[in-house]
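# Notes for the structure review
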Amino acid sequence: MSLLSFRADRRLDPAELLPMQWGLDGQPTWSAPRRVALFFTPTLAALILTSLLWITGAVGDSVLGAVPLLAIVCFAFVAAHLLHLSLLAQRQKPGSHLG
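The sections below set out a description of the structure shown in this document. (Residues numbered from 1 in each chain as written. Predicted model: local features only at pLDDT ≥ 70, side-chain atom pairs only at ≥ 80, totals over all residues. Heavy atoms only, no water.)

### Points about the pattern of salt bridges
Opposite charge on two side chains permits them to pair, given that their charged atoms come into close proximity. Taken as a whole, this structure holds two salt bridges when the rule is applied. With a closest N to O distance of 2.6 Å, Asp9 and Arg34 form a salt bridge. Pair noted here: Asp9 is in helix H1 (residues 2-11) and Arg34 is in helix H2 (residues 34-58), with a separation of 25 residues, a long-range link. On the accessibility criterion, Asp9 (15% relative accessible area) is buried. Residue class for Arg34 comes out buried when judged on its relative accessible area of 13%. As a salt-bridge pair, Arg35 and Asp9 come within 2.6 Å of each other at their nearest N and O atoms. (Salt bridge = Lys/Arg side-chain N within 4 Å of Asp/Glu carboxyl O. Helix = DSSP H or I, 4+ residues; strand = E, 2+ residues; numbered from the N terminus. Buried < 20%, exposed > 50% of the residue type's maximum accessible area, 1.4 Å probe, protein only.)

Rendered as structure tokens:
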């Protein structure tokens, strides 16, 4: 996810603030500084996954038993991050792109 953010950082229009959340009308409801907007989800994912691994080990469960949960959480974070980057790319000036 961090690699996707680095790539998006280079390809997105230069802007100090990037949208973080959109309303039902498709308009941004709030924005964050560029680095925060691009690296919030990868950082949150790392913290959550590390916590899940630590909790799993602390309660004595096998880490292998937590693999399905970790896979679901990873998938959810990657999907949310891809959606966010996709929405940012859609707000680009006409003619510019992320791909």
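Once the structure has been displayed, the description carries forward.
### Some points on the environment of Gln21
Take Gln21: it is sitting in strand E1 (residues 17-22). Gln21 sits in the partly exposed class, given a relative accessible area of 41%. Counting along the chain gives 16 residues from Gln21 to Ala37, while the straight-line C-alpha distance between them is 9.9 Å. When sequence neighbours within four positions are dropped, the list of residues in contact with Gln21 reads Gln27, Pro28, Thr29 and Trp30. Within polar-contact distance, the side chain of Gln21 engages the side chain of Trp30 at 2.5 Å. (Contact = heavy atoms within 4.5 Å. Polar contact = N/O pair within 3.5 Å; in protein donor to acceptor, adjacent residues only side chain to side chain.)

### Focus on the nonpolar core
Nonpolar side chains tend to gather and get buried jointly when the protein is soluble and globular. Formed by Ala8, Leu12, Leu18, Met20, Trp22, Ala32, Ala37, Leu38, Phe39, Leu85 and Leu88, the largest nonpolar core amounts to 11 residues. Of all elements in the fold, only E1, H2 and helix H3 (67-90) reach the threshold of two or more residues within this core. Those residues in contact with Leu38 that lie beyond four places of it in its chain are Ser5, Ala8, Asp9, Leu12, Leu18, His81, Leu85 and Leu88. In terms of nonpolar packing, the next biggest core, distinct from the first, is built from seven residues, Leu52, Ala66, Leu70 and Phe77 among them. (Core = buried A, V, L, I, M, F, W, Y, C linked by side-chain atoms within 4.5 Å.)

### A look at the pairing of E1
As judged from the five bridges shared by E1 and strand E2 (residues 28-33), these two strands associate in the antiparallel manner. Looking across to E2, one finds that Pro19 is bridged to Ser31. Hairpin connection from E1 to E2: five residues lie between these consecutive antiparallel strands, with Gly26 at a positive phi of about 85°. (Pairing = 2+ DSSP bridges.)

### Structural notes on the layout of surface pockets
A water-sized probe rolled over the atoms picks out the places where empty space is left. Its volume calculated, the largest pocket comes out at about 180 Å³. Residue lining of the largest pocket: Met20, Gln21, Trp22, Phe40, Thr41, Ala80, His81, Leu83, His84 and Leu87, and that is the complete set. Taken together, the elements giving at least two residues each to the lining of the largest pocket come down to E1, H2 and H3. For the lining of the largest pocket, the element with the most residues is H3, which contributes five residues. (1 Å grid on protein atoms, 1.4 Å probe; cavity = no way out; pocket = protein on both sides within 12 Å on 5 of 7 lines; lining within 4 Å. Points joined across faces, edges and corners; volume = space filled by probe spheres on them.)

As far as function goes, none of this settles anything; it's purely spatial.
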